[in-house]
Amino acid sequence: MGVLADKGLPVVVINPRQVRDFAKATGKLAKTDVIDAHLIARFGEAVRPELRLLKDQEAQKLTALITRRRQIVEMITAEKNRLNAAPKWTSKDIQQIFLGWKNV
């Protein structure tokens, strides 16, 4: 998708469910690349979805970093919760994981 936008071609992000519903409405339920391509083109002509500007590369990187940070915070929170409820024989393993994260 980024390659298309970089070449100056218009890009639209659509919900696959909408295209599938459109396919059902037109009676085209076969799943081949050729049929899908024609169906998506017909969907675009009929619905005229709004063009959207894609984020530039720096904004995409920032979004990826924010997402990764959120994932790590969720993992740390889950491990802390496990540590509080863990039997002693597993708490050492969980604590070693914490020490590993602190050293990264």
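All of the points below concern the structure found in this document. (Residues numbered from 1 in each chain as written. Predicted model: local features only at pLDDT ≥ 70, side-chain atom pairs only at ≥ 80, totals over all residues. Heavy atoms only, no water.)

Side note on the overall build of the chain
The criterion, for reference: Numbering of helices and strands starts at the N terminus; helices are DSSP runs of H or I of at least 4 residues and strands are runs of E of at least 2. Note on method: radius of gyration uses C-alpha positions; expected globular size equals 2.2 Å times residues raised to 0.38. Between buried and exposed lies partly exposed: a residue is buried under 20% and exposed over 50% of the maximum accessible area for its type, with that area taken using a 1.4 Å probe on protein chains only. Residue contacts follow a heavy-atom distance rule, with two residues in contact if any of their heavy atoms lie within 4.5 Å. Each accessible area is a Shrake-Rupley estimate made with a 1.4 Å probe; only the visible protein chains count as cover when residues are assessed. His is not counted here, nor are the chain ends, while Lys and Arg score as positive and Asp and Glu score as negative. The location of each charge is read from NZ of Lys, CZ of Arg, CG of Asp or CD of Glu.
Helix and strand counts for the chain come out as five helices and zero strands. In sequence order, the secondary structure elements of the chain are arranged as α-α-α-α-α. Against the 2.2 N^0.38 benchmark of 13 Å for 104 residues, the chain shows a C-alpha radius of gyration of 23 Å, more extended than a compact globule. Its C-alpha atoms give the chain principal-axis dimensions of roughly 60 × 35 × 20 Å. Split into buried and exposed, the 104 residues of the chain put 10% on the buried side. Restricting the contact set of the chain to residue pairs at least 6 apart, pairs at least 24 apart contribute 36%. When the accessible surface of the chain is split by element, carbon and sulfur atoms take 58% of a total near 8,900 Å². When the 19 basic and 11 acidic side-chain charges of the chain are each reduced to a single mean position, those positions are 7 Å apart.

Some words on the nonpolar core
Note the cut-off: Throughout this description, the term nonpolar core refers to a set of buried Ala, Val, Leu, Ile, Met, Phe, Trp, Tyr and Cys residues connected via side-chain atoms within 4.5 Å.
In terms of nonpolar packing, the biggest core is built from five residues, these being Val-19, Phe-22, Ala-23, Leu-39 and Phe-43. Breaking this core down by element, the ones donating at least two residues are helix 2 (16–26) and helix 3 (33–47). The contact partners of Val-19, leaving out residues within four places of it in the chain, are Ile-14, Leu-39, Ile-40 and Phe-43.

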